Amino acid sequence: MPGTNKLGIGRASEDLLGEPREGESGGESDATAYTTGILPSQDIEYLVKASKEIVALEPIQGDQIQPASLDLRLGNVAYRVRASFLPGKNARVEERLADLEMHKMDISGGAVLERGCVYIVPLLEGLRLKKRTSALGNPKSSTGRLDIFTRLITDYGTEFDRVREGYNGPLYVEVSPRTFSVLVRKGSCLNQVRIRRGSPPTGDQTLQRLQEEHQLVDSITAEEIRDGVPVSMDLVGGRSGGVIGYKAKSHTGLIDVDRVRHYEVNDFWEPVLAPRKGGLMLDPADFYILASRESVKVPPMLAAEMVAYDALVGEFRVHYAGFFDPGFGDPHAGGQGSRAVLEVRSFELPFMIEHGQVVGRLVYERLTAPPAKLYGVGVKSSYQRQGIALSKHFKQPGPGAP
């Protein structure tokens, strides 16, 4: 039976539900600040240290705070469950675990999460959000590139990855490795959360204006924007000698999610070459790492998210980890020419994808204030100036490789 909630949260006190006071946040008093938007790094730090809207069983470390998100850490136990689930508006996650749990694992010293299985892991972090404040979860880039499917879950939740306004309670992550079995432990970071204040304006008109001002995605005109800025597939590989990506091998060894630049690429992946004619056939049994044809830019006052799945363009998923931080691909942060890496898996049926086919759309939101640090500058950014990039767990390819 799951244990009790050690965070000591579940009922919000009156002072935690009130409106933000004037000058309460560093971003609020900034001359370029907005009252609505994604919170930048310095405001996330404020929520940790001052307002206590972000709480944790163990002290939050500085490197968990990204330009516009917070990395979330696994707790010390994992529950193997029979099926993925949402608790629903009348139940806590612990109550549903009591019905669906198969066995409980101590992962404090390290444990294997096997491919094809579903696990629920309580996180070290919890939230005590105020009125007008909500949150959104997403896998970290390195998690998506290992084909680890993760989703954030809250008590009384009716949607994955959505933390409702004013939520006060613990956080859980559903973890389902799809291609590789992985070794995790307490403190491993597989997903992240963005904090949003209010309802910032979005829509195609806003994105069209931003595209004209900043050229968010190169070679795209404002008129092509519909439900986000389109991103298409590169199947030529002109910048990588004809290599357009990688396909995961079957029946490989174990990957420790906390080891960086440790594994040989050839032990886990095989290169995918540009097709001689026609498109690339996606096999539903395979997982691919491909890249966008266009370069992508996220200016400092914006954050972006890629829409993960759109049945209108085909029965496949192109991005597990959709967050793009402020500064990604921006020349001021040393990211000129960065492309979006696409984690591609076809659903059920083989699918032929063509060069230049639109496969995803980026939606941009403003921040409440400029972040104190940008992606690629002052943080350990693994994928700035990326082309076709595997996750950080693999050794860097040699000269001439993509």
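In this text, all values refer to a predicted model and were calculated from it rather than measured experimentally. (Residues numbered from 1 in each chain as written. Predicted model: local features only at pLDDT ≥ 70, side-chain atom pairs only at ≥ 80, totals over all residues. Heavy atoms only, no water.)

Some words on the nonpolar core
- L127, W269 and F394 are the most contacted members of the largest nonpolar core, which has 52 residues in total.
- Element by element, the count of residues in this core is highest for strand β7 (residues 118-128), at 4 residues.
- Residues I225, Y288, F324 and V359 belong to the second largest nonpolar core, which totals 34 residues. (Core = buried A, V, L, I, M, F, W, Y, C linked by side-chain atoms within 4.5 Å. Buried < 20%, exposed > 50% of the residue type's maximum accessible area, 1.4 Å probe, protein only. Helix = DSSP H or I, 4+ residues; strand = E, 2+ residues; numbered from the N terminus.)

A short note on the pattern of salt bridges
- Enumeration over the complete set of coordinates arrives at 20 salt bridges.
- In this structure, R345 and D147 form a salt bridge, with 2.3 Å as the shortest nitrogen-oxygen distance. Placement of the pair is R345 in strand β23 (residues 339-346) and D147 in the loop between α3 (141-144) and β9 (148-154), with a sequence separation of 198 residues.
- Residue R345 is classed as buried on the basis of its relative accessible area of 7%.
- As a salt-bridge pair, R293 and E294 come within 3.7 Å of each other at their nearest N and O atoms.
- In this structure, a network of salt bridges that share partners links the residues R185, D256, D258 and R259. (Salt bridge = Lys/Arg side-chain N within 4 Å of Asp/Glu carboxyl O.)

Looking at the pairing of strand β4 (residues 77-81)
- Most of β4 is tucked away: 4 of the 5 residues are buried.
- Both β4 and β7 contribute to a ladder of 3 bridges, which runs antiparallel. Following the sheet pairing, V81 is matched in β7 by V118. (Pairing = 2+ DSSP bridges.)

Description of the environment of E365
- Within the secondary structure, E365 sits in strand β25 (residues 358-366).
- On the basis of relative accessibility, which here comes to 14%, the residue E365 falls in the buried class.
- A sequence separation of 162 residues divides E365 from G203, and the C-alpha atoms of the two residues are 9.6 Å apart.
- If sequence neighbours within four positions are ignored, E365 has contacts with I38, R196, P200, T202, M301, L302 and A303.
- A polar atom in the side chain of E365 sits 2.6 Å from the side chain of R196. (Contact = heavy atoms within 4.5 Å. Polar contact = N/O pair within 3.5 Å; in protein donor to acceptor, adjacent residues only side chain to side chain.)

Thoughts on unusual backbone geometry
- Unusually for a residue other than glycine, Q215 sits at a positive phi of about 50 degrees.
- Within the element layout of this structure, Q215 appears in the loop between α4 (204-214) and β14 (229-232).
- Taking relative accessible area as the criterion, Q215 reaches 36% and is therefore assigned partly exposed.
- Positive phi values are uncommon outside glycine, yet S219 reaches one of about 70 degrees.
- Relative to the helices and strands, S219 resides in the loop between α4 and β14.

Quick look at the sheet that holds β23
- Ordered in space as β17-β15-β19-β23-β21, the 5 strands form an open sheet in which the pairing is antiparallel. Whereas interior strands pair on both sides, the edge strands pair on one side only; in this sheet they are β17 (269-273) and β21 (316-317).
- In the sheet, strand β15 (residues 243-248) pairs with β17 via 5 bridges, with the strands oriented antiparallel. Bridge assignment links K247 to a residue of β17, and that residue is E270.

Topic: the packing of aromatic side chains
- Within the structure shown, the criterion is met by 8 aromatic pairs.
- Aromatic pair F180 and W269: ring centres 5.5 Å apart, planes at 70 degrees, arrangement edge-to-face. With F180 in the loop between β11 (168-177) and β12 (182-184) and W269 in strand β17, this pair connects stretches of sequence that are 89 residues apart.
- On the accessibility criterion, F180 (0% relative accessible area) is buried.
- Each ring, one from F268 and one from F394, has its centre 5.5 Å from the other, and the planes form 65 degrees; the classification is edge-to-face. Remark: F394 occurs in the segment after β25 and F268 occurs in the loop between β16 (255-256) and β17; sequence separation between them is 126 residues.
- Connected via pairs of aromatic rings, a cluster forms that spans F180, Y263, F268, W269, F287 and F394. (Phe/Tyr/Trp six-rings, centres within 6.5 Å; stacked < 30°, edge-to-face > 60°.)

What about helix α2 (residues 93-100)?
- Listing the buried residues of α2 in full gives V93, E94, L97 and L100. Down the axis, α2 shows its buried residues gathered within 125 degrees of arc, on one side only.
- Looking at the packing, one finds that the buried side of α2 touches β4, β5 (101-106), β7, β9 and β11. (Arc of directions from axis to C-beta.)

A word on the sheet that holds strand β20 (residues 302-306)
- With respect to topology, 4 strands assemble into an open sheet ordered β14-β25-β20-β22, the strand pairing being antiparallel. Strands with a single pairing partner mark the edges of an open sheet, and in this sheet they are β14 and β22 (323-324).
- The sheet contact formed by β20 and β25 spans 5 bridges and is antiparallel. By the bridge assignment for β25, A303 is matched with E365.
- Where α4 meets the sheet, its contacts fall on β14, β20 and β25, and the angle it forms with β25 comes to roughly 90 degrees. (Axes fitted to C-alpha atoms, helices over the stretch in contact; angles between N-to-C directions.)

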